[in-house]
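Examination of the molecular architecture
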Amino acid sequence: MSDQTQASGPSAARLSDRRAFLRFLAASPVMTPTAMSAIAAALAAGSSDAFAQSYDVLRAPQQATADGIISAPEQALNVFDFEPAAKKALPPAHYGYLASGVDGDETLKANHEAFSRIRIRARRLIDVRKIDTSVTIFGQKFGTPIMLAPVSSQGAFHPEAEGAVAKAAKLKGNGMILSTVGSTSIEDVTEARGAPVWYMLYPTDDWTVTEALVKRAEAAGAPAIVLTVDRQGGRNTETLFRLRREDSRVCQDCHLGGFANEVSRKPMFDDLDVTKVTNLYGTGMTWDYVDRLRKIVKGKLVLKGIVTHEDAEEALKHGVDAIIVSNHGGRAEESLYPTIDVLPEVVKAVNGKVPVLVDGGFRRGTDVLKALALGATAVCIGRPYCWGLAAFGEPGVAAVLTLMQREFETIMKQVGALRIEDINADAVTRA
Ligand SMILES: Cc1cc2nc3c(=O)[nH]c(=O)nc-3n(C[C@H](O)[C@H](O)[C@H](O)COP(=O)(O)O)c2cc1C
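Residues numbered from 1 in each chain as written. Predicted model: local features only at pLDDT ≥ 70, side-chain atom pairs only at ≥ 80, totals over all residues. Heavy atoms only, no water.

The protein has the name Alpha-hydroxy acid oxidase in an unreviewed UniProt entry, where Methylopila henanensis is given as its organism. For the record of the protein, the UniProt heading Sequence similarities (unreviewed entry) holds the text "Belongs to the FMN-dependent alpha-hydroxy acid dehydrogenase family." Listed in UniProt under the heading Cofactor (unreviewed entry), the comment for the protein reads: "FMN". (UniProt positions renumbered as here; feature names shortened; annotations may be inferred.)

Counting its secondary structure elements, the protein contains 18 helices and twelve strands. Relative to its full complement of 431 residues, the protein shows a buried share of 53%. Taking as baseline every contact in the protein between residues at least 6 positions apart, the subset at least 24 positions apart corresponds to 72%. (Helix = DSSP H or I, 4+ residues; strand = E, 2+ residues; numbered from the N terminus. Buried < 20%, exposed > 50% of the residue type's maximum accessible area, 1.4 Å probe, protein only. Contact = heavy atoms within 4.5 Å.)

Here we come to helix 9 (residues 186–193). By the burial criterion, the buried members of helix 9 are Ile186, Val189, Thr190, Ala192 and Arg193. All buried residues of helix 9 project into a common sector of 165 degrees when viewed along the axis, lining one side. Elements that come into contact with the buried residues of helix 9 comprise strand 3 (140–142), helix 8 (161–172), strand 5 (177–179), strand 6 (198–201) and helix 10 (207–219). With its phi angle positive at about 70 degrees, Gly194 sits one or two positions after the end of helix 9. (Arc of directions from axis to C-beta.)

Bringing the site of the ligand into the picture now. Of all residues adjacent to the ligand, which total 23 residues, the nearest are Pro150, Ser179, Thr228, Asp359 and Arg363. Take Asp359: an N or O atom from its side chain is 2.7 Å from an oxygen atom of the ligand. Here the ligand, which alone exposes 600 Å², has 99% of that area covered by the protein. Those elements that provide at least two residues to the shell around the ligand are helix 6 (92–99) and helix 17 (383–392). Along the lines of polarity and charge, the residues of the shell around the ligand split into nine nonpolar, nine polar and five charged. (Near = heavy atom within 4 Å. Polar contact = N/O pair within 3.5 Å; in protein donor to acceptor, adjacent residues only side chain to side chain. Areas by Shrake-Rupley, 256 points an atom, 1.4 Å probe, with all protein chains shown as cover. Nonpolar A, V, L, I, M, F, W, Y, C, P; charged D, E, K, R; others polar.)

Burial along strand 10 (residues 356–359) is two-sided: the face carrying Val356 and Val358 and the face carrying Leu357 and Asp359 are both buried. Examined bridge by bridge, strand 9 (residues 322–325) and strand 10 share three bridges and lie parallel to one another. Directly across from Val325, in strand 10, lies its bridge partner Val358. In this fold, the crossover linking strand 9 to strand 10 by way of helix 15 (residues 339–350) has right-handed handedness. Where strand 10 lies against strand 11 (residues 378–381), three bridges are found, and the strand directions are parallel. Within strand 11, the position partnered with Leu357 by the bridge is Ala378. For the handedness criterion, the β-α-β arrangement of strand 10, helix 16 (residues 365–373) and strand 11 is classed as right-handed. (Pairing = 2+ DSSP bridges. Right-handed = clockwise from strand over helix to strand, strands pointing away.)

The next subject is helix 7 (residues 106–113). For helix 7, the full list of buried residues reads Thr107, Leu108, Ala110 and Asn111. Mapping the buried residues of helix 7 onto a view down its axis gives an arc of 165 degrees, with all of them on the same face. Along its buried surface, helix 7 packs onto helix 6, helix 15 and helix 17.

Turning next to the packing of aromatic side chains. Using the criterion set out here, one finds seven aromatic pairs in the structure. Pairing Phe82 with Phe392 gives two aromatic rings, centres 6.1 Å apart and planes at 80 degrees, and the pair type is edge-to-face. Note that Phe82 is positioned in helix 5 (residues 82–89) and Phe392 in helix 17, a separation of 310 residues in sequence. In this arrangement the basic side chain of Arg231 is found over the ring face of Tyr281, its NZ or CZ atom lying 4.0 Å from the centre. A cation sits over an aromatic face here: Arg292 above Trp207, 4.1 Å from the ring centre. (Phe/Tyr/Trp six-rings, centres within 6.5 Å; stacked < 30°, edge-to-face > 60°. Lys NZ or Arg CZ within 6 Å of the ring centre and 35° of its normal.)

The next thing to look at is the nonpolar core. One recurring pattern in soluble globular proteins is that nonpolar side chains are buried together. By size, the foremost hydrophobic cluster in this structure holds 123 residues, and its most contacted members are Tyr199, Phe269, Leu343 and Phe362. No other element matches helix 18 (residues 394–414), which puts ten residues into this core. With residues near it in sequence (within four places) discarded, Leu343 still touches Val325, Val356, Val358, Ala371, Leu374 and Ala376. (Core = buried A, V, L, I, M, F, W, Y, C linked by side-chain atoms within 4.5 Å.)

Attention now goes to the pairing of strand 11. Side-chain alternation along strand 11 places Ala378 and Cys380 on one buried face and Val379 and Ile381 on a second face that is also buried. Pairing geometry for strand 4 (residues 146–148) and strand 11, over three bridges, is parallel. Pairing of Met147 across the sheet is with Cys380, part of strand 11.

There is a patch of like negative charges on the surface, built from Glu310, Asp311, Glu313 and Glu345. Of all the elements, helix 14 (residues 309–317) adds the most residues to the negative patch, at three residues. With respect to the helices and strands, the residue Glu310 is situated in helix 14. (Patch = residues over 30% accessible without salt bridge, like charges linked within 9 Å, V, L, I, M, F, W, Y side chains within 5 Å. Salt bridge = Lys/Arg side-chain N within 4 Å of Asp/Glu carboxyl O. Lys, Arg positive; Asp, Glu negative; His and termini not counted. Charge placed at Lys NZ, Arg CZ, Asp CG, Glu CD.)

Residue placement: Gln140 occurs in strand 3. By relative accessible area, which is 14% here, Gln140 ends up buried. Engagement of the side chain of Gln140 in a polar contact is seen with the side chain of Trp198, the distance being 3.2 Å. In contact with Gln140, other than residues within four places in its own chain, are Val135, Pro196, Trp198 and Pro223.

Now the structure itself:
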């Protein structure tokens, strides 16, 4: 069947009419947030059928953009289209916070560029009309291997913050990890996601506070505590500092000094005595700390930020249940090592004993496939969903997830994979 015949006929026409109607409704000034959610769900639901065919795009209403910047989520052709829209929507300092890497942003750029050095081997004559993209991790089933990485302070990007992200994640069944310094409580995020979320922990230098954070997350049903281990020093976020100069607002009006002030808008610290805490990032954490945490974490313990086989081997010795290969999206050290290039050494060291996830620079469905082919169990995305959030709230996040999922399904079919387990090293070669 050709692309053209697949996309034509009465059902494609009905779908296109339905989408046009939903878009009309979404643009209406009388829309309530609940109705907007329902529309975002309906738009996302049609992703993998006729809408995925290029000829439908040609038949859809003309989507003019001002200065090439999209003004509605459905105008986006890929996730990159959301970044300029987010930049337009945000004050310069908040956009700078989202965009920044460290030093010259070289590791940030390297993360994505590295995917272009990996090529995909397409296979033919396999019936791929029905594929299954679901993955099960720690007994929890997700509709897709694309998870949402923990990103702090999402209230800086949109008033609905992590709540909007969680609702969008629910639509496609994406797993979600909530940051310790999120703008929304784990109880509210879990409710919006309609399923337990993983909780990412920045340990404090007061064990009582750290323990209380873990207990609260577990009481909310978090199956995994994700300890981030890559922020053990200061960092030079030059892009943030530069863009801050363009911001006419007074940052100190909101960002007062001192730990208590820093976390005053972070609900996970509500009701906690934080007077003994000095910071979250320079706590002198060692493997002893992982042991101590292992003893109190009842569910799974995950380390995020591992980038070498030595540390992966050590993690296994300390009873860690999964690893996330990550350099914090190029926001930790300026190592110049893209995470996709260090993934194989971690996968080899782990040797199938625990799941290995990876993040950093994932922007295309093909990027996701490459990581799975190199042995990742799942991948996480950070900035792309925040661009969607900043620009359009929940429908923006839903569109980002839909676009990446659609691209992923397309390339999965091209390598002849019917299930995630079918994606293996044969699917890729190094350029
Ligand atoms: C604005 C911002 C805030 C972040 N906050 C956290 C955080 O609180 N905890 C954490 O472990 N990682 C944090 N990260 C890193 C992400 O979890 C993830 O590793 C990274 O964004 C992946 O790279 P990508 O943005 O290229 O997809 C943050 C990233 C960004 C961009």
